[in-house]
Amino acid sequence: MELVGTVVGIVIKSLIFIIGMFLGAAYLTLLERKFAGHVQQRPGPLHVGPHGLLQPIADALKVLTKEDLVPNSVDRVLFYLASLMAFVPAIMILAVVPFGEPFTIFGLEIKPYITDLNVAVLLALAFGSLSIYGVIFAGWASNSKYPMIGGLRKAAVLIGYEVALGFALVGPIMMAGSFSLREIVEAQQNMWFIIPNILAFVVVIFSILAETGRTPFDVQEAEAELVGGYITEYTGMKFGLFPLAEWYIATFVLSAITVIMFFGGWNPPPLLGWLPIPAFVWFSVKVFLLFMFFLWVHWTLPRYRVDQITEIAWKVMLPLALANIFIVAIWIIIFG
Amino acid sequence: MHLWIDGQDLDQIKKSFDSVEISRSENFVSVQINKEKLLELLSFLKDKLGYKMFIDFFCMDFPVQSPRFQGVYLLFNPEKMRRVAVKCWAEGDSLPSATKLWKGIKWAEREAWDMFGVRFEGHENLVRMFMWETYQHHPLRKDFPLRGHGEVYLPPLSGEESPAHNYSPYHTALPTMEDLEITQKKRLPEKKAQIVLNWGPLHPGTHGTIWFLFDMEGEEVKECDIILGQLHRGVEKIAENITYTQFIPYTDRMDYISALCSQVAYVNAVEKHLGVEPTEKAKYIRTMMCELQRINSHLLWLGTYALDLGALTIFLYTFREREKIMDIIEGIAGIRLNSTYIRIGGVAKDLPEGALDVIEHFLNDFPQRLKEYETILTKNRVWLRRNVDVGVITREDVYSYGLTGAVARASGVPYDVRMFQPTDAYGDVDFDVPLGKVGDSYDRYLVRVEEMRQSVRIIKQCVKVLRQMEGESYINTEHPFVLPTLDQVFNSIEAMVKDFNLRIYGEKLPEGEIYLSGENPRGELGFYINSKGEGRPYRLRVRSGAFYNLQVFTELIKGRTVADAVVLLGSLDPVVGETDR
Amino acid sequence: MVKIKYIERPGLTNRERVFFTDFINGMKITIRNFFRKTITTAYPFEKLTPPKRFRGTHGHRVKDGREPPSFKVLEKFMDIKEGESRCVACYMCQQACPVPELFRIEAVQTEEGKKKVVRFDMNLLNCMYCGLCTEACPVDCLIMTDIYETATYRRSGGVIHMDDMTERAVDFDRRRYNEPDRIWIDDEERSKLWGQIKWS
Amino acid sequence: MAIKHNNGIILTTVEEVLSWGRRNSLWPASVGLACCAIEMMHTAASRFDTDRLGIIFRGSPRQSDVLIVAGTVVNKVAPMLKLIYDQMPDPKWVISMGGCSSAGGPFPTYATLQGVDRIIPVDVYVPGCPPTPQALLWGILKLQKKIKAKKEGKVWEEIPMEKVPTASQPIKEKSPFGF
């Protein structure tokens, strides 16, 4: 009986998460277009629905009913697999992200996360690096020159920044003493982990920019050089999945992990502890601000060349991450 | 300021070459020689007399004479600031190729082969410059009809039988994809590296329809060639069938980003040959509008350059400033982009009320906006990493490729047409000419931004002078070959008769030829007009700055990656309407 | 006077490299623009009125008493009633146009020996909107109005005829004939982009 | 889509919603050839913002529904433009912007294609050289009216010739659901 309860609970929660993520990603596109518009002194989507609120629905309807054009010289299996390989891992990371502390409603004790793995960080990193395959398959399967170059470029960048991201996350794990995200958040009751790990925070910011393909590491979809990067040959919903997965869901999820690692998950900021705001709201406010920061960077800076990006990954980011581990070790010895 | 070769050099040429004819006129000094001694004379001019900068090479068709085609070389002496033209008849429709003396002549000779059918011995890869390889005819010959031979039946697909009175379902032959593949194969005869990447004509990265062929090893480009002609509309062929006033709108459509500067350059050439002196107010209006258009053109360059490098917001900020300048031009001329505003003898309409206040408002607000772009870009480390030491152009390259404009000035060559040949009011305003030291993309960026500031300075002085010239006439209609204004036509029969004659028979330019150029934002835009005395030019050659600046791209891209191709193309700033004419 | 000026190349000092001051300055500007008012004219709901000199679609001015003196001289050979187009079929506009085949002008001789313009078509898809024809018309009949909304579903929609040109010019004269020749009308749409301008 | 015959008699509400979706998120393939491309960029820039109407300029023809042919279509580019049109997925429309692409414009020469509708079916012709951004936006609204009236199923004779307005007044009624 108890097994049935947990299964039903998990199914409902995962359904809420996936549908929420789909709708959320759609409205994140609207948020980005509105933000980009106002940064450029223009209003962004305005006439489709009140203040453009129906714009994502119109985009989704159009993209779904587009003709599903598959060029004949394409490796059909890999072509279909690529968009799923890029999309599914991004959503799977949600399984381990705790959105708030457990609370009870009419006697039912609800935990606002699907599972509390004790190796949550490893799982998140693993799913993150799975999306590299989606990128390479897309580049290879499209059987044309531009996607091939775009795919290989993105793969080179991703590998460089996966390593740097992995080492950068070691700092907070050492301080919290466990891999589970929930325990990391609980370990940050009194002091957030950003204070000792400032170097790791910089490395994580740059790695997320590279992972999700945001300027200044926006290599895969550099319109100017490669027409559409590896998504040149995709049409309809297969095309829709790529930016949805990469620019919006991955950015949202990775900024959620950064908030958990460095900004103390759902703990209120040190001075505003007394405000009666529930944990879930604190967490979403922090994730929202970090997401806006990524948008802000995306719409301002020019773009590096590919070899400069990989050079920064291996020559700057990796040493910074290792230095950060060294600093955190000293911090732990001094402050225990 | 006498600009052409003077007596002292001519005597040296006469001494060392006996069979040479020299024809001197006020606007054009040419040395004619036969085909055998041509290369000898050219290398003599280049090494001994210091005429080492290549300006232009083109052909002319005289169907009545026996050696039908005549090649004209234009050279420039950077120290003495003198020009010379060398003419040579092409016996047997062929000329010796001068690519060993100047690398810039390669494309000019390809264009001469494409348009006239003149062969060049010793040219490394003589292919058609604009038309596709399997095209049978040579269009710029006098016996080729303007519309071509309409032999293909191409009805409209929208089902209307005859939509307009000037519609004919017959059309000239269109190329097929096989023709274009042959054109591409001919360009890179043997494939050296791994793959040949078509940075295709309809590509968001190229500014307009330029077709790049990269022979690439991984991401590194080993060999590159550029196919132009995707916007070749045959403007020079049109020029031979319409009068001088009717050609003014076509000069806008060539370099459509700096329309007014092209009109001013063309009209100055016609006026100098006709002997018309525009009124004082017209001169200042022209200089002011030219400088406004220069800021407009540099803003578009900055916007698309930053867009190609990823800074999307700069593109929209520069377009907000461009909207302001286009509002001014729309208010003064009537249309935002291709404003046919300059006329022979002055300008089409007077400045409307409130124009000078609006321009002053723009001038007070613009430098602050320029500082905004600079803070985002100039000291940005990503911008520095992408621009410093990318595509370094040496002074020798400038001379041998014939580079002009900001590209030449960024490498330290002080070549500015406004300096040594000031037309309109450039002689009376003072401004600086910015020069770079290293000659890489970063220098070209800084030179163009500095040029925008200098243009603001020039416009300020023009506005101050124009404030006092409130009621003066804006066009000098006393001259017999200048069109009268509408009020004069309404009120006097003689003006109406003069207007009818000039519209029907065109302005009768005196016999002879002239080459005069203006400083366009994209380099020196020169007009060579050879007139036989009727109302239509016999041959009108447009020396396009962007055409020769783009040629150095194939040299700079060797050994760099595709991502740098974007930076180099952006810093050379070509406009396809002008390169393809 | 023209002087040569060598430009200096600003680099990035180490202090700025460590504290990311170049990124921060750049992003300060973008966020400042975020809070500025938008400069957009929401086209179908707010339209920007073009200046009086705007070169839009062509129109035929009618015989309504405001004609120039040259029309009185030429009117004797024509039979133009009040409110009809002033065109005297002198073909000067076709002569002045760089693309003459876009005009189709036919005039016929009536019984009492007067000339009457039967047909005046212009194919605006071949037109360059350069305005040379409006400067060539001796009786100020062919003008360019300020109407720009001329998109059509068919290619024959690009050809305009004498009757709708006359109607267009009558409406244009009614709206803007005695408007001063200003650079533009200073309405709310212009001030969105330009802000307040000091008119002298 | 201008020449297919009328398919359905009773238009279900799903067709209505789909056509609303397609109308309000038209993604043009940015094929900028000549001067009209500059005016197209100005239409997409801050002052006459096309993002308000849900229009993003996509790089590759695979992901776009409208092909705005902006500029002179030269004979040499004609087969490539036909290729671009064929690469676009199916519910696609074509706006021929400017005189050059509609009928060869002021270039009746040996090298210019006299009208892009000789190689690809065109839905809306926008005269002008170059048409101002507001004229292009009027052309886009006309295309949206065409999609909304589901006339793409009808043969072109049944589309009534709307008279060109003699004055341009701002539209007052503003539906909350877009165009």
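Every residue gets a number counted from 1 within its own chain, in the order that chain's sequence is written. Chain labels run from A onward and ligand labels from 1 onward, assigned in the order the entries are written. Residues qualify for local features only when their pLDDT is at least 70, as the model is predicted, and side-chain atom pairs are given and counted only at 80 or more; totals for whole chains, interfaces and linings, by contrast, use all residues. With hydrogens and water set aside, each side-chain value is computed from the structure's full complement of heavy atoms.

Caption draft 1: Layout of the overall build of chain D. If you tally the helices and strands in chain D, you get five helices and four strands. Where helices and strands are cited, they refer to DSSP runs of H or I of at least four residues and of E of at least two residues respectively, numbered from the N terminus. Traced from its N-terminal end to its C-terminal end, chain D shows the element sequence α-β-α-β-α-β-α-β-α. Between buried and exposed lies partly exposed: a residue is buried under 20% and exposed over 50% of the maximum accessible area for its type, with that area taken using a 1.4 Å probe on protein chains only. When the 179 residues of chain D are sorted by exposure, 72% land in the buried category. Considering only contacts within chain D whose residues lie at least 6 apart along the sequence, 77% involve residues at least 24 apart. Summing over all exposed atoms, chain D offers an accessible surface of approximately 5,400 Å²; the carbon and sulfur share of this is 65%. In what follows, residue pairs with any heavy atoms lying within 4.5 Å of each other are defined as contacts. Surface exposure here means Shrake-Rupley accessible area, sampled with a 1.4 Å probe, where a residue is shielded only by the protein chains that are shown.

Caption draft 2: Spatial organisation of the overall build of chain C. When helices and strands are counted, chain C shows seven helices and six strands. The order of helices and strands in chain C, counted from the N terminus, is β-α-α-β-α-α-β-β-α-β-β-α-α. The globule rule used for comparison is 2.2 Å times the number of residues to the exponent 0.38, while the radius of gyration itself is calculated over C-alpha atoms. For chain C, whose C-alpha radius of gyration is 26 Å, the value lies well above the compact-globule estimate of 16 Å for 200 residues. Along the first, second and third principal axes, the C-alpha set of chain C runs to 95 × 45 × 40 Å. Going through the 200 residues of chain C one by one, you find that 56% of them count as buried. When the accessible surface of chain C is summed, it comes to about 8,700 Å², and 57% of that surface belongs to carbon and sulfur atoms. We count Lys and Arg on the positive side and Asp and Glu on the negative side, and we leave His and both chain ends out. We put the charge of a Lys on NZ, of an Arg on CZ, of an Asp on CG and of a Glu on CD. Positive and negative charge centroids in chain C, built from 35 and 30 side chains respectively, lie 8 Å apart.

Caption draft 3: Looking closely at the environment of D:Leu141. Position of D:Leu141 among the secondary structure elements: in helix α5 (residues 133-148). Separated by 15 residues in the primary sequence, D:Leu141 and D:Val126 have C-alpha atoms spaced 11 Å apart. The residues contacting D:Leu141, other than those within four sequence positions of it, are C:Tyr43, C:Pro44 and D:Phe179.

Caption draft 4: Region of the structure containing helix α3 (residues 105-116) of chain B. All names here are of chain B. Spanning twelve residues, α3 covers 16 Å between terminal C-alpha atoms, matching the ideal 16 Å at 1.5 Å per step. In terms of burial, α3 is largely enclosed, as eleven of its twelve residues are buried. By the burial criterion, the buried members of α3 are Ile-105, Trp-107, Ala-108, Glu-109, Arg-110, Glu-111, Ala-112, Trp-113, Asp-114, Met-115 and Phe-116. Gly-117 sits one or two residues past α3 and shows a positive phi near 85°. Between the first and last residue of a helix there are one fewer steps than residues, each counted as 1.5 Å, and that sum is the expected span.

Caption draft 5: Molecular detail of the packing of helix α1 (residues 7-16) of chain B against helix α2 (residues 38-48) of chain B. Residues and elements named next belong to chain B. Two elements in contact, α1 and α2, have axes separated by 12 Å at closest approach and are oriented at 140°. In this structure, the crossing between α1 and α2 has a hand that is right-handed. Counted together, Gln-12, Ile-13 and Ser-16 of α1 and Leu-41, Phe-44 and Leu-45 of α2 form the full contact between these two elements. Every angle, taken between N-to-C directions, lies between 0 and 180 degrees, and every axis is a line fitted to C-alpha atoms, over only the stretch in contact when it is a helix. Each helix crossing is assigned a hand: it is left-handed if the near helix lies turned anticlockwise from the far helix by less than a right angle, otherwise right-handed if that turn is clockwise.

Caption draft 6: Focus on the interface of chain D and chain C. Each partner contributes residues to the interface: chain D has 50 residues there, and chain C has 36 residues. Here the buried area means the combined drop in accessible surface, using a 1.4 Å probe, for two parts upon being joined, counting both sides. Contact with chain C buries surface across chain D, with D:Arg47, D:Gln134 and D:Thr166 losing the most and accounting together for 18% of the total. Salt bridge criterion: a side-chain nitrogen from Lys or Arg within 4 Å of a carboxyl oxygen from Asp or Glu. Across the contact surface, chain D and chain C share one salt bridge. D:Asp117 is the partner of C:Arg155 in a salt bridge, and the nearest nitrogen-oxygen pair spans 2.9 Å. Among the elements of the structure, α4 (98-103), β4 (124-126) and α5 of chain D are those that each provide at least two residues to the side of chain D that touches chain C. In terms of residues, the side of chain D that touches chain C owes the most to one element, α5(D), which gives nine residues.

Caption draft 7: Examining the side chain of B:Glu524 more closely. All names here are of chain B. Positionally, Glu-524 belongs in strand β17 (residues 523-531). Owing to a relative accessible area of 0%, Glu-524 belongs among the buried residues under this scheme. Non-local contacts of Glu-524, meaning those with residues more than four positions away in its chain, are made with Ile-55, Arg-83, Thr-404, Tyr-415, Val-417, Tyr-515, Ser-517, Gly-518, Arg-543, Ser-544 and Gly-545.

Caption draft 8: Inspection of the sheet that holds strand β3 (residues 103-109) of chain C at higher detail. Residues and elements named next belong to chain C. Pairing is antiparallel across the open sheet formed by three strands, whose spatial order is β3-β4-β6. Each edge of the sheet is formed by a strand with only one pairing partner; in this case those strands are β3 and β6 (159-160). In the sheet, strand β4 (residues 115-123) pairs with β6 via two bridges, with the strands oriented antiparallel. Of the residues in β6, the one forming a bridge with Met-122 is Ile-160. Where helix α6 (residues 162-176) meets the sheet, its contacts fall on β4 and β6, and the angle it forms with β4 comes to roughly 85°. DSSP-based pairing: two strands are paired if at least 2 bridges between them are found.

Caption draft 9: Representation of the pattern of salt bridges. Residue and element names in this part refer to chain B. Applying the stated rule across the entire model yields 101 salt bridges over all chains. A salt bridge links Arg-453 to Glu-374; the nearest nitrogen and oxygen atoms lie 2.1 Å apart. Taken together, the positions of Arg-453 in helix α15 (residues 441-468) and Glu-374 in helix α10 (residues 355-377) put the pair 79 residues apart, joining distant regions of the chain. Taking relative accessible area as the criterion, Arg-453 reaches 35% and is therefore assigned partly exposed. Accessibility expressed as a relative area gives 17% for Glu-374, which makes it buried.

Caption draft 10: Focus on the interface of chain C and chain B. The partner chain B presents 83 residues to the 73 residues of chain C that form the contact. Approximately 7,100 Å² of surface area, both sides summed, lies buried where chain C meets chain B, with 57% of it carried by carbon and sulfur atoms. If you sort the residues of chain C by the area they bury against chain B, C:Arg9, C:Arg53 and C:Trp194 come out on top, with a joint share of 12%. Joining chain C to chain B, the criterion identifies twelve salt bridges. For B:Lys379, the salt bridge is made with C:Glu16, and the minimal N-O distance between the two is 3.7 Å. Polar contacts, as used here, are pairs of N or O atoms within 3.5 Å; protein pairs need one atom able to donate a hydrogen and one able to accept it. Residues neighboring in sequence count only if both atoms are side-chain atoms. Counting across the interface, chain C meets chain B through 40 residue pairs in polar contact (both at pLDDT 80 or more). Here the element with the most residues in the side of chain C that touches chain B is helix α2 (residues 21-34) of chain C; it accounts for six residues. Throughout, the ten residues Ala, Val, Leu, Ile, Met, Phe, Trp, Tyr, Cys and Pro are labelled nonpolar, Asp, Glu, Lys and Arg are labelled charged, and all others, Gly among them, are labelled polar. Looking at the side of chain C that touches chain B residue by residue, the class counts come to 39 nonpolar, twelve polar and 22 charged. Sheet topology note: the strand β15 (residues 431-435) of chain B/strand β1 (residues 2-6) of chain C ladder contains five bridges and is parallel. Note on β1(C): the bridge partner recorded for B:Leu435 is C:Tyr6.

Caption draft 11: Representation of the packing of helix α8 (residues 236-262) of chain A against helix α9 (residues 279-298) of chain A within the structure. All names here are of chain A. Close contact between α8 and α9 brings their axes to 9 Å; oriented N to C, the two are set at 125°. In terms of orientation, α8 lies oblique with respect to α9. Every pair of crossing elements has a handedness; the one defined by α8 and α9 is right-handed. Where α8 abuts α9, its residues Trp-247, Tyr-248, Thr-251, Phe-252, Ser-255, Ala-256, Thr-258, Val-259 and Ile-260 lie against Phe-283, Lys-286, Val-287, Leu-290, Phe-291, Phe-294 and His-298. In terms of residue class, the contact of α8 with α9 is made up of eleven nonpolar, four polar and one charged. Oblique is the label for any angle not covered by the other classes, which are roughly parallel (under 35 degrees), roughly antiparallel (over 145) and roughly perpendicular (65 to 115).

Caption draft 12: How the structure looks around the packing of aromatic side chains. Aromatic pairing here means that ring centres of Phe, Tyr or Trp (its six-membered ring) are within 6.5 Å. Orientation follows from the plane angle: under 30 degrees is stacked, over 60 is edge-to-face, and everything else is tilted. Scanning the model with the defined rule gives 61 aromatic pairs over all chains in all. Plain terms: the ring middles of A:Phe239 and D:Trp27 are 6.1 Å apart, the flat faces sit at 90° to each other, and that makes the pair edge-to-face. One end of the pair, A:Phe239, is in helix α8; the other, D:Trp27, is in the loop between α1 (13-23) and β1 (28-32), on a second chain. Across the pair, exposure class does not vary: A:Phe239 and D:Trp27 are buried alike. Arranged with centres 5.7 Å apart and planes meeting at 80°, the rings of B:Phe57 and B:Phe120 form a pair that is edge-to-face. Separated by 63 residues along the polypeptide, B:Phe57 in strand β3 (residues 53-61) and B:Phe120 in strand β7 (residues 119-121) bring together distant segments of the chain.

Caption draft 13: Geometry of the sheet that holds strand β16 (residues 512-520) of chain B. Residues and elements named next belong to chain B. Taken in spatial order, the three strands make up an open sheet running β16-β17-β18, and their pairing is antiparallel. The open sheet terminates on both sides in strands that have one partner only, identified here as β16 and β18 (539-543). Neighbour-to-neighbour, the strand axes of this sheet turn through a mean angle of 15°, independent of strand direction. Across nine bridges, the pairing between β16 and β17 is antiparallel. Paired with Gly-512 across the bridge in β17 is Ser-531. Contacts from helix α7 (residues 259-274) reach β16, β17 and β18, with the element oriented near 150° to β16.

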